[in-house]
Each structure stands twice: as C-alpha cells, then as structure tokens.
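# Commentary on secondary and tertiary structure
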Amino acid sequence: MQKKHYLLCAALIIIPICTVTFFTVYAFWDKCEKSSKENRYLAKCPEYNAEAWFDGKYEAGLEAFLNDHVYRRDDVIDAAANFETLLKKKQAVQMTKSTRERKDIGTDALILEDRILALYINNDDITNELIKTCRKLYDIIPEKLEKYIMISPTRIEFEEEEYKQYSDSQGDVIFKIYAGMPKDVKAIDSYLLMKSAVGTFGTDRLYFRTDHHWTELGASFGANALLSAMGKNLVNPLMYEEVNQGSFYGYLAVMHNTNSDEMLPDEFIYYKNAEDIYEDAYGVEGADISQCIHEKLVEPSRAGYYTFVERSYQYVVVEGKTKGGGNLLMINDSYGNALVPWIAEQYENIIMVDPRCFTGGKKKLLDIVKEYKVDSFIINLAGLIPGSTFAGDMEKLCK
Amino acid sequence: MVFSSVIFLGIFLPLSLIGYFIMPGRTGKNIVLLIFSLMFYAWGEPKWVFIMAALTFADYMFAMLMDKVNKKGLKVTLLSMAVISNLSLLFIVKYYNFFVSAVNGVINLGLPEYDIRMPVGISFFTFQALTYVVDVYRKDARVQKNYFYLLLYISMFPQLIAGPIVRYSDIDMQINDRTESMRGFVDGMFRFSIGLGKKVLFANYAGNIATQLLEDNFNGISAAAVWIGVFMFTMQIYFDFSGYSDMAIGLGKVFGFDYKENFNYPYMADSISDFWRRWHISLSTFFRDYVYIPLGGNRKHHMLNIMIVWFLTGLWHGASWNFIIWGLFYGILLIVEKKLKNIGIDISKVPVFGNILVLIIIVYSMALFYFVDFGKMVQATYYMLGIGNRISLGIAEKTIIYKYLWSIPVMVVACTPIQKKAASKIFKKETVHTDILQSVMFAAVYILCFILILNQTYNPFLYFRF
C-alpha cells in the first residue's frame, strides 16, 4: 500500500477529530450565558482549586461547561434532534410518563396529535389518606367558619371514550371524597357544571391542549359553582371582552418534550374584567403579584401557563373590591388560583394557601384566620390531585 | 472520564494523539502515554490514582523479590502477600459493606458500614495486577524492572476502566518494543469508531428503552414488556461492553499495542459453554487460568471447582446477591450441560434450536443481572412466566417500544457476523479503497456520535461499575 494513500486516510481521520476539537475548545471563548431554546442558564466555567479538584467537582463542572458551550450548540442539538426524529416512529396515540420529578401533577399522559391529556390514575389508599387529612384540617379550623370543599375534574374526564379508557373516573373519586367529609362541610359540585359547559363550549375552550390547567373560561364555571354555593352573584364571562395574550406551550408539552412542530401551541385568552377586580395582591415572600396577572402570564421562558400567579407561594393575599364581602381562606392548587380573577370582586380578602410551599404549619394557618377575620374556608383542588402527594402536603398544615 | 464524552473526543483524545506522536523515542512515548493514562484516571477521582500507584509499587516490589529469591516457600509467601494486598483493597472498597450487611443480617453483630465510594475500574486493574505477579511467579513473564512501565501497564487508559483484562505476559514485550504504523493508526481509529458507534447509536437507545420499561413502568408491567425490556438490556450490555472493548482495542492499535479480542458474537452461541467462550473472553480465561485450573480443573472436585469459579465470577460483577445468583445460575447450567453431554444430549448439535434456547437463557439471565433489588428480581421472574400480570403490551409500553421498533432488527443483525461476512464479500481483498472507505466511515461515525452525545441525557457505561 502506498504511503500517500495512507496519508489520505490519516487526513480523513484527523480532519473530523480537529473539527470536534474546534467545536469543543470554542467553549472557552463562548460568551453565551443562557439558552433560550432550553429555557435555562448554561453552566459556567468552574474555578479551579485543589479542593474542588480532589472532590471531582471541578471536573464535573468543566464537563458540564464544555457540553453547554460547544460551538453553535443550538444548531448541533437541532441536528441531533432531527436525526432522532428520523429514527422515531410516529404514533397516533402515545402514552408516556414524565421524566421529571413533579409529583403534584399527574405524570402519566396520553399524547395525541393535537393535545396532551394528563391521565388520572386512582389509588384508593391515597384517596382515603386525602379524606383523612381533609377531615383533620377541617377539625382544626374554628367552628364558626363556613366550610366548603370543591374538587374539580381535569380535561381527561370529558374526553372521548377511546381516550378515557386509559384514565380512571374522577367523578367517582370526587363524590367519594365529598361523602367522607364532616357534616358541616358543604361540597361544591363543579363537576356537573363543567360537564354541561363542555357540552356547550367544547373541551378545547375550557381546558388547554398542551397544559394541565383549565382556561380562564373553564375557570369561570368553577368560579360560578363556588359563588353559587356561597350565595354570591354569578359571573358571565361572555359579557367581557376577550383578549388574546399570545400563544404558548404548556407544562405538559414541555414535560413530555413535544413542544416542536408536532403540535400547535395553546392560545392564552383572558377576559378584561379581571384587570380591576381587586385593589391589591401580594405574596408573603414580598413579590408583587399584581404584576404577574395576565400580561406576564405567557412568557416563553416560563415553560407554560402558571394560572394567575407566576409561581407557587406559601400564601397570597388578594384584596378584593367589596368591603364587607367576607374573607375567604382557600387551600388550593393552581386550579384554585385561576378562580381568583372571577371571584375576587365580591370579597374583601381572599387568602390563597398553597400547601406544597406553606411551611408555617397549624399555628400560622390559624394566625391567618385571625389576622384576616376569615369567615369562609375552602379546600379547592383539581381532580387529578388525589393521585399525588397533596394529602401529605396538607398534613403539614395540621401540625 | 468516559470515551463517549465531549471532553474525551474533543480534548483528551486529540491531545494524547498529538503528544504521543510528536514525542520521539520509545521512552518518551511511554512517558506521554503514562502521563495521559494517569490524567485519564485522575479525572473525577484523583485520590485513587495515588492508591493505584501505591498498589502497583507493592506489586512491583513483590515481583522483584520473587525474581530474586530461589526458595519456593519464600516465593509462595511473597506471592500470597501480593495477592492478599491486591484483594484486600478490592474487598475494602467493593465488598466490605456487602459483607457486613450479610453478616449483620444473619447474626446481628452490629458491624458498622462505611460510606466508601468505589473507584471506577478497580476490578479490572486489580485483576491485571494479579496476572502480573502470578505470571512472574510462574515464570510466564519476565519481571518488569522499571516501576513506571509497570504502572503504564496497569493504568493504560484505553483499557483501564472497563477492560479487556490484558495479561502482563501478552504485552510484556510490547511495552519496550512495538511499532506504530499508518496502517495501525487507520485500522485502530476505525475500530475505535465502531466501538463508539455501538455505544452511542445502539447501547444508549437500547438502554433507554430498557430503563423506561423496567424502571419507570415496572408497576403493572406486562409479561411481554418484561421480556422486551430485558432483551433490550441484553442488547445494551453487549453493545456497551463490546463497544468499549472495540474502542480499547482500537486505541491500543493506534499506540502500537495488540490487545486480544474480548467478544466473539456471543449471542450466536449454541451452548452455554460456547457462550462463555465468546463473552468477556478476558475474564473467563482469567478465571480459567488463575482459579479453575489451580483448583484442580476437571481432574478433582470438578463440579465444586465450577461452582467456585462461577460464584467468584458473579461476585466480581458486583457486591450484590443478584450477581452471585447470576453467577451460580451459569455454574449450574454448565454442570447440567456437561452431565447431559455425558449421556449423549448435546443441544449444540441441533443448530437453530440450540441457538434459540441458549439465547432465551441468556436473556433471562440478564434479568437476574439487571435487578439488583432481590424482590424485584423475583417479581420480574414471575412476570416473565406470565404469573400475576398481563401478558400483552399496554399502550404505555407500546409507546416506548414502537418509537424505536426499527432498532430491534438492526441490533439483532449487528450482533451477528452477517455484516462482517457481507463486507468481506464486497471487498474481497484489502485495497486502497477499503482503507479510504474505513476512514470516511470513521469521519461520519465520529461526527455523528459527537452530535448525538450532546443531546443524549442517557449515556452510562455499564461496565464502569465493575
């Protein structure tokens, strides 16, 4: 074999090695700090010191830095994703489990061509635990307060039979929980109201396609169920001007990596009424919640729609428009957050406690009851929550 | 550091190649190789480099002394001390906690467990060190008078952390006297790219499917999904480990070393003994030559010797009961196979049936290997027999499997010598064009793997933990 042929072969080997080296070494000159594509900050070059070196932290940090700052990283990742798309066989219906560790959202999902459905998987033990915890919580709340419970169904409950077969009935579980509550607790039936609203408006207007929440319109029906039970005036969303705030891929799309060309994004539509229904809103951690309403809800960097408040706070106080309208304490998830734009007008204060973040325990909860002269108390969750850790989170409120 | 990482492909490999080839002289090249090997091992776990160097020094001294003394008794004592020192370290970092928990479980002595992080590849380099002292004792290899060359043999980065287990006698001469060539460079890099491709293109995808089925979806899993999950793990472990061996052999070739093959299409085996002649050859031959034959081989206590060897083989793979069960499972199978042969029943004589039966046994054995949790292992066995679960695939399982359905036949073909035979038919003799084609394939695979590595979150090397 002639030497020049080997030189040609060697060149063919050395060129890709040099190319890869250039792409890698470029990292040391890269100034980019965040990836808008992946919605995260990129790793920084670690500072060298002997301790970090011996711990292996320096090496791990440097590897992460090189991975994050490769030359034209976004294009390289796009190329990899395109290659993988070529390999993947498309299926009309897919069922996946989230790879992320969020236990408060149903992690099993059905991915269809135009929507993602968070599935509800019933677990009797967890349901019984939730009943027990709710009862415990109602027990520590002063007797003079009006007590309510409202558990709302999620989208999968109103889907076609062919998809519902992968999910358990939320209706049965909701009514089982209601039946397990103490006698002085009034159960609010948002289920039947939602069912009839779906018949009128269709599922796509009441629930998002790429997110696990209900829309503002969907939330208005939940709000009406609550307002009706509390003897307040009902709201009519159709009286208000619809504003399209923009499109977004919701949490389910992001969680299941389907926010690509495969699925159209959701539209975030809100109703003009919500702009002046309350005087002020503030989170206990000092954040200005009022800035987070509507205009800022849809942001590409936030991986979806967060319903009313930008993230979970220990508790949020919303000062309503009606002095003497009563003070409502809600133990709620994000489904409950979405009700606030519709109900705040008729209350003096609404205090929303998120048990996933609340660290004050029983004492702080009762202090809130006293401080805000709470006269109504509600546990307000979404139907898929009984399959999660919510009971455990609420347990902390009783201690 | 792993081979399929940005830092290795983009920085370490090019730097080591440049450093090695611009350095003149054999000594210079060996020094460069030693420095890069130590840096490779130190990456992420620097403290273990010192322990490895100290252990090598102990082996160096024991071997020097063995070479000097003439009395057999003294030689045996020195050898025993060398073996004990090597195995003691392995015991402390790998088996101590397992041993303590087993003892405390049987008779509660309250022995304390310690948080010891096992250094990567310790089982491989300890066994390499053992081959050195034993070969010197047996006079199968000359004593290495240069400590740094012995350290180079132990720490050589191509095979340091995931094998193959290279015997000192096999490369004794090559440390001082080897030839690098253009041909070796081209062939070696091509072999490296084959291994990289096996790892990134096959093992990672197969592993991803196996993990999704056997971890994320294990509750309520169907019998079909357990079989497919374990089958994908069987594919993953082969492509992962044989890929690493290919990369090691390829890089060895680039640097002028000639390592022995570690795999020979193991899933084509027609009997269990044939499987172990084809799978992790360097480990099975190690146990054959350094444990089985010294114990008496098939001359005395044949069956007991087999069970001891397979107990140790299982234990070598990890400090966990499932690995011991896996090893003993093969020990029993080999005994059964021998007994059947003695009465004239030989499955290897029935070609297709033998292959399929052996493959089914191998796949099942991988379930024993996969589930470190004993309860889960038993449950998986029941599920595989269709007891206590659905038989057919559910939609979540179909979603995982159908997505990469194409990969199953491709991987199956890649496990056979079909592609090798086809290539040898197309390129009947080695020409300039075959070399150029090899180089082009290297370029394509190298770049593609680099791109995919950046996007792959699932990129483990299974044999690292051994």
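Given the structure is predicted, the values throughout are model-derived calculations rather than measurements.

## A word on the pattern of salt bridges
Residues and elements named next belong to chain B. Scanning the entire structure with this criterion turns up 33 salt bridges over all chains. Asp-170 is the salt-bridge partner of Lys-260, the closest N and O atoms lying 3.4 Å from each other. Placement of Lys-260 in the loop between helix H9 (223-254) and helix H10 (272-278) and of Asp-170 in helix H7 (residues 168-176) is noted, with a sequence separation of 90 residues between them. Given the relative accessible area of 27%, Asp-170 is considered partly exposed. In this structure, the salt-bridge partner of Lys-198 is Asp-246, at a minimum N-O distance of 2.7 Å. Of the two residues, Lys-198 is situated in helix H8 (residues 182-216) and Asp-246 in helix H9; the sequence distance between them amounts to 48 residues.

## Considering the pairing of strand S12 (residues 327-332) of chain A
Residue and element names in this part refer to chain A. Most of S12 is tucked away, with 6 of its 6 residues classed as buried. In S12, alternate side chains face the same way, and those of Asn-327, Leu-329 and Ile-331 on one face and Leu-328, Met-330 and Asn-332 on the other are all buried. Where S12 lies against strand S14 (residues 376-382), 5 bridges are found, and the strand directions are parallel. Considered in S14, the bridge of Leu-328 is made with Ser-376.

## Details of the domain arrangement of chain B
All names here are of chain B. Parsing chain B into structural domains produces domain 1 (6-177) and domain 2 (184-271 + 346-465). A straight line from the C-alpha centre of domain 1 to that of domain 2 covers 28 Å. Taken together, the contact between domain 1 and domain 2 spans 27 residues of the former and 25 residues of the latter. Taken together, the two surfaces of domain 1 and domain 2 that pack against each other cover about 2300 Å², and 75% of this comes from carbon and sulfur.

## Some remarks on the nonpolar core
The tendency in soluble globular proteins is for nonpolar side chains to be buried side by side. Phe-8, Phe-40, Phe-192 and Tyr-267 of chain B are the most contacted members of the largest nonpolar core, which has 173 residues in total. Counting residues per element, this core draws most heavily on H9 of chain B, at 16 residues. Formed by 75 residues, the second largest nonpolar core is a distinct cluster that contains Tyr-120, Ile-140, Leu-217 and Val-374 of chain A.

## Some points on the packing of helix H14 (residues 351-370) of chain B against helix H15 (residues 374-384) of chain B
Helix-helix packing: each pair is described by the crossing angle between the helix axes and the interaxial distance. Residues and elements named next belong to chain B. Between H14 and H15, the least distance of the axes is 9 Å, while the angle of their chain directions is 155 degrees. In terms of axis orientation, H14 runs roughly antiparallel to H15. In the packing of H14 onto H15, the handedness of the crossing is right-handed. Residues Tyr-364, Ala-367 and Leu-368 of H14 lie in contact with H15, whose contacting residues are Met-377, Thr-381 and Met-384. Partitioning the contact of H14 with H15 into residue classes produces 5 nonpolar, 1 polar and no charged.

## Brief notes about the environment of Met-263 of chain A
Residue and element names in this part refer to chain A. Structurally, Met-263 can be placed in the loop between helix H11 (251-255) and strand S9 (266-271). Owing to a relative accessible area of 3%, Met-263 belongs among the buried residues under this scheme. On a C-alpha basis, the gap between Met-263 and Gln-94 in space is 13 Å, while along the polypeptide they are 169 residues apart.

Calculation notes
- Residues numbered from 1 in each chain as written.
- Chains lettered and ligands numbered in written order.
- Predicted model: local features only at pLDDT ≥ 70, side-chain atom pairs only at ≥ 80, totals over all residues.
- Heavy atoms only, no water.
- Salt bridge = Lys/Arg side-chain N within 4 Å of Asp/Glu carboxyl O.
- Helix = DSSP H or I, 4+ residues; strand = E, 2+ residues; numbered from the N terminus.
- Buried < 20%, exposed > 50% of the residue type's maximum accessible area, 1.4 Å probe, protein only.
- Pairing = 2+ DSSP bridges.
- Domains from an automatic or database assignment.
- Contact = heavy atoms within 4.5 Å.
- Buried area = accessible area lost by both parts, 1.4 Å probe.
- Core = buried A, V, L, I, M, F, W, Y, C linked by side-chain atoms within 4.5 Å.
- Axes fitted to C-alpha atoms, helices over the stretch in contact; angles between N-to-C directions.
- Parallel < 35°, antiparallel > 145°, perpendicular 65-115°, else oblique.
- Left-handed = near helix turned anticlockwise from the far one by under 90°.
- Nonpolar A, V, L, I, M, F, W, Y, C, P; charged D, E, K, R; others polar.

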